[in-house]
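# Understanding the architecture of this molecule
One letter stands for each residue in the lines below.
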Amino acid sequence: MEVSKREEEYLETMYILHKNKGVIRVKDIAKMMRVKPPSVVDALKKLSEKGLVEYEKYDRILLTDAGREIAEATYSKHLLLTQFFIDILGIPPEIAEHDACQFEHYVSEITVRRIREFAQYIQEQCPYVLKQFIKEKMAENAESR
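Please read all numbers here as calculations on a predicted model, not as lab measurements.

## Section: the overall build of the chain
Each helix and strand counted, the chain has seven helices and two strands in total. Listing the helices and strands of the chain from first to last along the sequence gives α-α-α-β-β-α-α-α-α. Along the first, second and third principal axes, the C-alpha atoms of the chain reach 55 × 35 × 25 Å. Within the chain, buried positions represent 37% of all 145 residues. Once local pairs closer than 6 in sequence are excluded, the contacts in the chain between residues at least 24 apart make up 58%. Each charge class in the chain can be summarised by its mean position, and for the 23 positive and 25 negative side chains these summaries are 5 Å apart.

## Brief notes about helix 1 (residues 5-21)
In this model, helix 1 (17 residues) spans 24 Å end to end at C-alpha, consistent with the 24 Å of a helix rising 1.5 Å per residue. The set of residues buried in helix 1 consists of Glu7, Glu8, Glu9, Tyr10, Leu11, Glu12, Thr13, Met14, Tyr15, Ile16 and Leu17. For helix 1, the secondary structure elements touched by its buried residues are helix 2 (26-33), helix 3 (37-49), strand 1 (53-55), strand 2 (61-63) and helix 4 (65-88). Count one or two residues on from helix 1 and you reach Gly22, which has phi positive near 80 degrees.

Conventions used here
Sequence order as written defines residue numbering, which begins from 1 separately in each chain. A pLDDT threshold of at least 70 governs which residues receive local features in this predicted model, and a stricter bar of 80 or more applies before side-chain atom pairs are shown or counted, although totals over entire chains, interfaces and linings include all residues. Based on all heavy atoms of the structure, the side-chain values leave hydrogens and waters out of the count. Each helix is a run of H or I in the DSSP string that is no shorter than four residues. Each strand is a run of E no shorter than two, and both are numbered from the N terminus. Accessible area is worked out with a 1.4 Å probe on protein chains only. A residue is then buried under 20% of its type maximum, exposed over 50%, and partly exposed in between. Any two residues whose heavy atoms approach within 4.5 Å at even a single point are treated as in contact. Charge assignment in this entry is limited to Lys and Arg as positive and Asp and Glu as negative, and neither His nor the chain termini are counted. To locate a charge, take NZ of a lysine, CZ of an arginine, CG of an aspartate or CD of a glutamate. Expected span of a helix: the number of residues minus one, times 1.5 Å.

Given below as structure tokens:
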């Protein structure tokens with residue numbers, strides 16, 4: 001099934017809301033994604049037609065198993081990329097978070113797996129070199145502010 005970047009963002013947002021609040025509401029999705037509630041409703045209708053969410057107007061919103069699977073995969077990529085950008089590349093957290101959010105929708109599973117393997121390898125095999133690299137990058141970040 002073809003799922004757009006924007007649809008992945010909606011599914012991921014709903015997954016995070018359910019995980020953190022236990023409930024998914026239109027107003028919370030709108031606030032988190034910085035969109036208007038009617039845009040959320042339109043997206044929910046499309047996602048419902050694809051069988052990714054259960055949605056009825058003024059009723060609860062639920063991710064289906066297929067929707068949850070996509071959301072979890074997207075969120076997992078997001079977490080991995082954010083940590084990779086921060087811990088391995090020395091990117092400031094707020095930039096790493098933003099970049100991960102963009103990158104997660106375009107990166108293939110093989111690339112995600114390699115990033116995970118590389119991060120683990122470099123942290124285990126070259127911890128001193130990694131610490132030195134991060135220290136230098138943090139100093140550069142501080143100087144450029």
